[in-house]
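An overview of the molecular structure
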Amino acid sequence: MSDPATRVVVIGGGYAGAMAANHLRKRDDVGVTVVNPRAEFVDRIRLHQFVAGTGEAVHDYDSLLGAGVGLVVDSARRIDAAARTVRLASGRTLDYDYLVYAVGSTGSAPASVPGAAEFAHDVAELEPARRLRARLAELPADAPVTVVGGGLTGIEIAAELAERGRSITLVCGRTLAPSLSASGRRYVARWLSKHGVTVLEEVVGEVRADAVVFADGAVRPSALTIWAGGFGVPGLAAASGLRTDGLGRLLTDETLTSVDDERIVAAGDAAAPSGRPLRMSCYAAAPLGAQAADTVLSRIAGTDPATVDVGFLGMCVSLGRRAALRQFGRRDDTAMNVCFGGRAGAAYKELTCNLGVWKIRREARSPGSLRWIRGVARS
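Scope of this entry: the structure provided in the associated data block. All values derive from a computational prediction rather than experimental measurement. (Residues numbered from 1 in each chain as written. Predicted model: local features only at pLDDT ≥ 70, side-chain atom pairs only at ≥ 80, totals over all residues. Heavy atoms only, no water.)

1. Points about the packing of helix α1 (residues 15–23) against helix α8 (residues 282–301)
Selection criterion: Axis geometry follows a simple rule: fit a line to the C-alpha atoms, using only the stretch in contact for helices, then measure angles between N-to-C directions, giving values from 0 to 180 degrees. Secondary structure elements are taken from DSSP: a helix is a run of H or I of four residues or more, a strand is a run of E of two residues or more, and numbering for both begins at the N terminus. Left-handed describes a crossing in which the near helix is turned anticlockwise from the far one by less than a right angle; the clockwise case is right-handed. Whether two residues are in contact is decided by their heavy atoms: any pair within 4.5 Å suffices. The nonpolar class holds Ala, Val, Leu, Ile, Met, Phe, Trp, Tyr, Cys and Pro. Asp, Glu, Lys and Arg form the charged class, and all remaining residues, Gly among them, are polar.
Running from amino to carboxyl end, α1 crosses α8 at an angle of 35 degrees, the nearest separation of the two axes being 7 Å. Judged by the sense of rotation from one axis to the other, the crossing of α1 with α8 is right-handed. The residues of α8 that touch α1, namely those facing Y15, A16, M19, A20 and H23, are C282, A285, A286, G289, A290, A293, D294 and L297. A breakdown of the residues in the contact of α1 with α8 according to their chemical character gives 10 nonpolar, two polar and one charged.

Right, here's the structure in full:
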């Protein structure tokens, strides 16, 4: 095969990166290389299942990336925008004509909470999830486990472990599930209470090896603490001299193009279009990956790229293996006071989880096949 006319490097092989790589194959004169630190795709929305031993969360890239897409198992250390190269941890350098920045997100234990980084575990990535699963296996079934974070990630891991018989305390700050409607929050609270989860509307001020300390000085025993209080992003963009928002996401215009270099396009959790990023989610990652790829393809073709256009339908939160909540929402990602739960919710949640990987596989077979809900105008 002859050398491609245009070389595109995709940094990150998650939902956004894999989708972008497959979508780029709409042109057969584009060579695509994905750089990812693992040889396996991580289905992150199932990591809470992996930790609890109720499911798996990895897939072989052979079944996800389209024919001709190269995979380099390595980590990007620096982007040299002037030279159009990516320096890898192995010392290797990759040249590119365009770069898709899809590094995803990471767990984020705040430095402002003493002991959080040292003693708390997270479930945002595969390696920490493996360590957490191993640590859980060492603990007695009745050992007190604390989950810090009342968002959907914290609720899912707390519920999964509670259904397996673990003694769980969920520390949710001031509000449990703030992204849900009032009826959705009530449903989640009832399920957690029924399954023995203690929900505390407190703020953690310190994490110790065997306890958590609240902001008011109260101490609660905790044989294992899981931090699910938010996400961070890798520091690659900032380390490469590219402008980022306060969290470290790459600043782009509304076409997902870096404000510093039109050859660099961002997608997924690490993108901040106009400094106003979409919700970090598998749901948004796939259409952002496809739109980032379309921006690259438009620039190759010499046409004007389209602007970001992603609408939301709501969200789902699993509550163990036999229940879940389906929360309906408006396209601007605000919750409606409409939801359903129970086994119907669990079936819907399982369907949406399966669709995340299925869409990537379909895009590998048929580039350009992805369809998504369009959003509202972004001023």
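Still more to cover.
2. A short note on a nonpolar patch on the surface
Test applied: Every patch collects residues that have over 30% relative accessible area and no salt bridge, joining them within 9 Å if they carry like charges and within 5 Å if they are nonpolar side chains (Val, Leu, Ile, Met, Phe, Trp, Tyr). In these tables, accessible area is a Shrake-Rupley quantity obtained with a 1.4 Å probe, and a residue counts as shielded only by the protein chains included in the view. When a carboxyl oxygen of Asp or Glu lies within 4 Å of a side-chain nitrogen of Lys or Arg, that pair is called a salt bridge. For every residue, the accessible area (1.4 Å probe, protein chains only) is compared with the maximum for its type, and the residue is labelled buried under 20%, exposed over 50%, or partly exposed between those bounds.
Taken together, the side chains of Y283, L313 and I373 make up a nonpolar region of the molecular surface, amounting to roughly 220 Å² of accessible area. By the element assignment, I373 lies in the segment after α9 (342–365). Relative accessible area serves as the criterion here: at 32%, I373 is assigned to the partly exposed category.

3. So, the sheet that holds strand β13 (residues 198–200)
What counts is decided by this rule: Strands are treated as partners if at least two bridges between them are detected by DSSP.
With parallel pairing, the four strands of this open sheet are ordered in space as β13-β12-β11-β17. Two strands lie at the open edges of the sheet, namely β13 and β17 (224–227), each paired on one side alone. Strand after strand, the sheet turns through a mean of 20 degrees between neighbouring axes, direction not considered. Bridging between strand β11 (residues 144–148) and β17 involves four bridges; their strand directions are parallel. By the bridge assignment, V148 is partnered in β17 with W227. In this fold helix α5 (residues 152–163) packs onto β11, β12 (167–171) and β17, with an angle of close to 165 degrees to the strand it touches most, β12.

4. Let's talk about the sheet that holds strand β7 (residues 85–88)
An order of β6-β7-β8 is seen for the three strands of this open sheet, with the pairing classed as antiparallel. The outermost strands of the open sheet, each flanked by one partner alone, are β6 (76–80) and β8 (93–95). In this sheet, adjacent strand axes meet at a mean angle of 20 degrees when their direction is disregarded. Pairing analysis gives three bridges linking β7 to β8, with the strands arranged antiparallel. By the bridge assignment for β8, V86 is matched with L94.

5. So, the packing of aromatic side chains
Put simply, the rule is: Pairs were defined over the aromatic rings of Phe, Tyr and Trp, the Trp ring being its six-membered one, requiring ring centres within 6.5 Å. Orientation was assigned from the angle between planes: stacked under 30 degrees, edge-to-face over 60, tilted for the rest. Counted as over-ring charges are cases with an Arg CZ or a Lys NZ within 6 Å of the ring centre that also lie within 35 degrees of the ring normal.
Counted under the stated rule, the structure contains five aromatic pairs. Aromatic rings pair up to connect Y15, F41 and Y61 into one cluster. The ring of F50 carries R133 above its face, with NZ or CZ at 4.6 Å from the centroid. A cation over a ring is seen here: R263 above Y98, with NZ or CZ 4.6 Å from the ring centre.

6. Observations regarding the packing of α1 against α9
Where we set the bar: What sets the label is the angle itself: under 35 degrees gives roughly parallel, over 145 gives roughly antiparallel, 65 to 115 gives roughly perpendicular, and the rest give oblique.
Contact geometry of α1 with α9 gives a least axis separation of 8 Å together with a crossing angle of 15 degrees. Compared by their axis directions, α1 and α9 come out roughly parallel. α1 and α9 meet at a crossing whose hand is left-handed. In this structure, α1 contributes Y15, A18, M19, N22 and H23 to the contact, and α9 contributes K359, I360, E363 and A364. Looking at side-chain class alone, the contact of α1 with α9 contains five nonpolar, two polar and two charged residues.

7. Examining the side chain of T6
Tracing the chain through its elements places T6 in strand β1 (residues 6–11). When residues no more than four places from it in sequence are discounted, the contact partners of T6 are D29, V30, G31, D97, Y98 and I300.

8. Examining the pairing of strand β23 (residues 324–329)
Of all six residues in β23, five are buried, a share of seventy percent or more. In this structure, strand β22 (residues 314–318) lies alongside β23, joined through five bridges in antiparallel fashion. For G314, the partnering residue across the bridge sits in β23 and is F328. Between the antiparallel neighbours β22 and β23 lie five residues, among them G320 with a positive phi of about 75 degrees. Between β23 and strand β24 (residues 335–340), which pair antiparallel one after the other, the connecting turn spans five residues, and D333 there sits at a positive phi close to 75 degrees.

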